[in-house]
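A structural walkthrough
In case you want the letters, here they are:
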Amino acid sequence: MARSASLQKRIRLEIRGVVQGVGFRPYVHRLAQRHQLSGWVLNDGRGVIIEIQGDQTTEFINTLGVQPPPLARIDHIAMNQIPLQQEQGFAIRISQSGAVATSIPPDNSVCPDCLSELFDPGSRYYRYPFLNCTHCGPRYTITRRLPYDRSNTTMAGFTMCPSCAAEYHDPDNRRFHAQPTACPVCGPRLSIPVKEILQRIQVGEVLAIKGLGGFHLVCDATNEPAVQRLRQRKQREEKPFAVMVANLASAAELVTLDEASSRLLDSPQRPIVLLPKKHSETLAPSIAPGLQWLGLLLPYTPLHYLLFYEAAGRPAGTAWLDRSQALALVMTSANPGGEPLVIDNAEAQQRLGGIADTIVDHGRDILIRCDDSVMRVTGGSPGFIRRARSHVPHAIKLAHEIPPTLALGGHLKNTVCITRGDEAFVSQHIGDMDNTATLRFFEETIEHLLKLLDVKPERVAHDLHPDFHSTRHAQSLGIPAYAVQHHHAHLAAVAAEHHITDVAVGLALDGFGLGEDHSPWGGELMLYDGTHFRRLGHLQQLKQPGGDVAAREPWRMAAAFLHQIGRGDEIARRFKAHPAARQLHQLLEKNLNTPEVSSCGRLFDTACGLLGIKPKASFEGQAPMLLEGLVTKPEVVPDGWCIEDGQLDLTRLLTQLIDCQAAHGANLFHGTLVEALCEWSAQVARRQGTKIVLLNGGCFLNHVLASGVVKGLRNRGLSPYLPQQTPPNDGGISLGQAWIAGHRDR
Ligand code: ZN
Ligand code: ZN
Ligand code: FE
């Protein structure tokens, strides 16, 4: 029976968010059919446009946001009632090109539906390492520009076979408009069969395997000589390697898992998660020497899964996926010599040939490199150490719109940030800007993101440091450039993601950032007021003899401290293991090349040096990590610090460490520092009439410090904020720079 025309309505909806390339249109199509609506849906440059007509339009709208496809994210819906039209059925229309203002999703781990096909001998995708669908697979790293169509991806060169084309065009299929879809007939192939890859791993070879965002160096994580070989060839002495295990059951044998960290490890984003190591004989000792933490990750590409499948003897069904497995693989970024990740097949032969025994590549090109993300759970919530794969280019929502701004970050652990309206897009981890390959990657990343987001920045933000490459690059762009002080940017990054627009106090604790007075800062207590800040206090000034070298050799910081408290004559005796000790003493006596720093990183190094922990570190932050690992129960030295003229002085605590046993010293140092920082910032917050305390800077990667300060401030009735969407280290400052520059008047 014909429905009464009076109940009929026609509604036009415009949807913004992550709605392209995620199966959103077929989802809309199914929903429209369920509610017997006519009309159409299409992707435009700004998101998805829908027109629906019928008498269940309200039901449609109410259910639209209830169960969207797994990778979709609806940020905004605009709705209008429009005149009825003569039409029949519901259609998916072809893309309209126009102004691009939508986002493409990050790269994603293989979904459960694809996994069942991967292990189903009856499926045409059985054991095919490149299967994917609208719910999973590569996106960011293969897409040149929007709209997200196959022709704009690196899959453009693969012509779909009839079976793939049929699925691609069928709105009821999971692969409807799945741009990277491929099968064994028409898609990319591995250069070496999975079975042989596994055999080579099992005999102890080091392999370079092309993954989603670049090559990994891979070897058997239980084979000590293989791990040693990898270390030697990669010239990576002690920096820990991440290990891939099959599932949570396997992980639980190596690390202590709680609910939050299990959820994070098993999440579809599949980050590397730092977890407390269990005593176990399984893994090679040189995976993470001396550290209490182990970085684990679970398989995320079909190829990873196939290696575990092969190792398990190709079991039937998928139940084996949850059973513990013996195979454990070192999976480390193939980035020789601190240069960016290798992504290109020819480049792999050239740069990885001397490291890997075997190179495994394939024909799906990676357009832009993207490392694995690294995360950890602090106080029950996940936080970043490195933000990259599966998180970039997700937008960080800002409290309000700012002019389109490009922020170029700092020098170490660089990222860039681009804003569009009230969204901030922080790039993947780029790295330390100290070699030409990284500088090239920096420029490629900016270009790629600007193209994907279709943004023409009106402003550019950079660090205050005049000699940083990022600063010079900013000044060469020909648009208004804004210098932002490093620690101000750290605090603004936390404020931006938490939508804090009030005045707050903030603690920025890190290794180094140039201060407004041109001296090295790094332990700053600030009044944060959006575009402005005031340095209310800082950590005591420590002498850093010889500059940068002292940042890698904690014994030098300790020697300088002895000199500072008038015990310089003990240097030669206490540090007799170091031939440079006597010379260092003279340097200090003459006050040559010994800048004074307020750095919290150097404070940690001083403590490590005094306690004899790793006098010479083999990578940045190693000594403090080892110190943190010794903490069992933090203890407060009641008179260990004093606060004078806003300065926090810990001389008495440090003096106590001189003849202290290392483990006890670790407890005293952490306990007292946490208490002192809380007292110091609480006093200032009270005086400034705010309850908000922003916490940021690389030192907050220290778990004991971060959770201790948060707890201590809460106990004092204050509201501390740590970054959750960016890492606390310099990987987050581009967000803060953008937020500040976006508000400044010329
Ligand atoms: Zn899938
Ligand atoms: Zn095919
Ligand atoms: Fe910093």
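Each chain carries its own residue numbering, running from 1 in the direction its sequence is written. As they are written, the chains are lettered A onward and the ligands numbered 1 onward, keeping that order. A pLDDT threshold of at least 70 governs which residues receive local features in this predicted model, and a stricter bar of 80 or more applies before side-chain atom pairs are shown or counted, although totals over entire chains, interfaces and linings include all residues. Values reported for side chains reflect all heavy atoms of the structure, with hydrogen atoms and water molecules removed beforehand.

Time to look at the pattern of salt bridges. Any carboxyl oxygen of Asp or Glu within 4 Å of a side-chain nitrogen of Lys or Arg constitutes a salt bridge here. By the definition in use, this model includes 36 salt bridges. Glu-167 serves as the salt-bridge partner of Arg-124, at 3.4 Å between the closest nitrogen and oxygen. Residue Arg-124 is found in the loop between α3 (112-118) and α4 (162-169), and its partner Glu-167 is found in helix α4; the two are separated by 43 residues along the sequence. Using a 1.4 Å probe on the protein chains alone, a residue whose accessible area is under 20% of its type maximum counts as buried, one over 50% counts as exposed, and one in between counts as partly exposed. A relative accessible area of 29% means that Arg-124 is categorised as partly exposed. Of the charged contacts, one joins Arg-389 and Asp-372 as a salt bridge, the two residues approaching to 2.9 Å between their closest N and O atoms. Of this pair, Arg-389 sits in the loop between β14 (381-386) and β15 (396-397) while Asp-372 sits in the loop between β12 (358-360) and β13 (374-378); the two residues are 17 residues apart in sequence, bridging distant segments of the chain. Secondary structure elements follow DSSP: runs of H or I of four or more residues count as helices, runs of E of two or more count as strands, with numbering from the N terminus.

With six of six residues buried, strand β11 (residues 328-333) lies mostly within the body of the structure. Because side chains alternate across β11, one face comprises the buried residues Ala-328, Val-330 and Thr-332, and the other comprises Leu-329, Met-331 and Ser-333, equally buried. Here, strands pair whenever DSSP counts at least two bridges between them. Judged from the five bridges that link them, strand β7 (residues 215-220) and β11 form a sheet pairing that is antiparallel. Directly across from Leu-217, in β11, lies its bridge partner Thr-332. Where strand β8 (residues 243-245) meets β11, three bridges bridge the pair, whose relative direction is antiparallel. What sits directly across from Val-243, in β11, is Val-330.

Turning our attention to the coordination of the iron ion (ligand 3). Working reference: metal with six octahedral donors, ideal angles 90 or 180 degrees; metal with four tetrahedral donors, ideal angle 109.5 degrees. His-486 (NE2), His-490 (NE2), Asp-510 (OD) and Asp-730 (OD) make up the full set of protein donors to the iron ion (ligand 3), lying at 2.0 to 2.2 Å. Read in sequence order, the donor residues coordinating the iron ion (ligand 3) give the pattern H-x3-H-x19-D-x219-D. One end of the pair, His-486, and the other, His-490, are both in helix α13 (residues 486-497), four residues apart, so they sit about a helical turn from each other. His-490 shares its class with His-486; the two are buried. For Na, K and Ca the donor cutoff is 3.2 Å, while for all other metals N, O and S atoms must lie within 2.8 Å; water is not among the atoms, so some sites may look incomplete.

So, on to helix α1 (residues 24-34). Burial of α1 is extensive: eight of the 11 residues sit out of reach of the surface. When α1 is considered as a whole, its buried residues turn out to be Phe-24, Arg-25, Pro-26, Tyr-27, Val-28, His-29, Leu-31 and Ala-32. Those residues of α1 hidden inside the fold are in contact with β1 (9-18), β2 (38-44), β3 (47-54), α2 (57-64), β4 (73-82) and β5 (90-92). Backbone geometry just after α1 places Gln-36 at a positive phi near 50°. Contacts are assigned to residue pairs that have any heavy atoms within 4.5 Å of one another.

This part takes up the environment of Pro-404. As for its placement among the helices and strands, Pro-404 is situated in the loop between β15 and β16 (405-407). The partly exposed category is assigned to Pro-404, whose relative accessible area is 23%. Along the primary structure Pro-404 and Gly-421 are separated by 17 residues, whereas in three dimensions their C-alpha atoms are 6.8 Å apart.

Attention now moves to the sheet that holds strand β9 (residues 272-276). Hydrogen bonds between backbone groups are what pair the strands of a sheet, and the pairing can be parallel or antiparallel. The strand order across the open sheet formed by nine strands is β12-β6-β7-β11-β8-β10-β9-β13-β14, and the pairing between neighbours is mixed. The sheet terminates laterally at β12 and β14, the two strands that pair on one side only. Averaged over all neighbouring strand pairs, the angle between strand axes comes to 35°, with direction disregarded. Bridge analysis of strand β6 (residues 207-210) against β7 gives four bridges, and the strand direction is antiparallel. Bridge assignment links Lys-210 to a residue of β7, and that residue is Phe-215. Convention adopted: a line fitted to C-alpha atoms gives each axis, helices being fitted over their contacting stretch, and angles between N-to-C directions are expressed from 0 to 180 degrees.

Within 6.5 Å between ring centres, the rings of Phe, Tyr and Trp (the latter by its six-membered ring) count as paired, and their orientation is classed by plane angle as stacked under 30 degrees, edge-to-face over 60, tilted in between. For the coordinates displayed, the defined rule picks out nine aromatic pairs. Between Phe-119 and Tyr-309, the aromatic rings sit 4.6 Å apart at their centres with planes inclined by 40°, giving tilted as the arrangement. In this pair, Phe-119 sits in the loop between α3 and α4 while Tyr-309 sits in helix α9 (residues 302-311), placing the two residues 190 residues apart along the sequence. Both residues of the pair, Phe-119 and Tyr-309, count as buried.

The next subject is helix α5 (residues 194-202). Within the sequence span of α5, burial applies to Val-194, Ile-197, Leu-198 and Ile-201. All buried residues of α5 fall inside an arc of 95° around its axis, so they share one side. Considering only its buried residues, α5 is in contact with β6, β7, α9, β11 and β12. Looking one or two residues beyond α5, the residue adopting positive phi is Gly-204, at roughly 95°. Think of it as the arc spanned by the lines of direction from the helix axis to the C-beta atoms.

Between two packed helices, what matters for the description is the angle formed by their axes and the separation of those axes. The geometry of α1 relative to α2 is characterised by a closest axis approach of 10 Å and an angle of 140° between their N-to-C directions. Put simply, α1 runs oblique to α2. As α1 runs across α2, the sense of the crossing is right-handed. From α1, Phe-24, Tyr-27, Val-28, Leu-31 and Ala-32 reach across to α2, where they touch Phe-60, Thr-63 and Leu-64. For this scheme, ten residues count as nonpolar: Ala, Val, Leu, Ile, Met, Phe, Trp, Tyr, Cys and Pro. Four count as charged, namely Asp, Glu, Lys and Arg, and the remainder, Gly too, count as polar. Grouping the constituent residues of the contact of α1 with α2 by class yields seven nonpolar, one polar and no charged. Working rule for angles: under 35 degrees goes down as roughly parallel, over 145 as roughly antiparallel, 65 to 115 as roughly perpendicular, anything else as oblique. Definitions for this section: a left-handed crossing has its near helix turned counterclockwise from the far helix by less than a right angle. A right-handed crossing has that turn clockwise.

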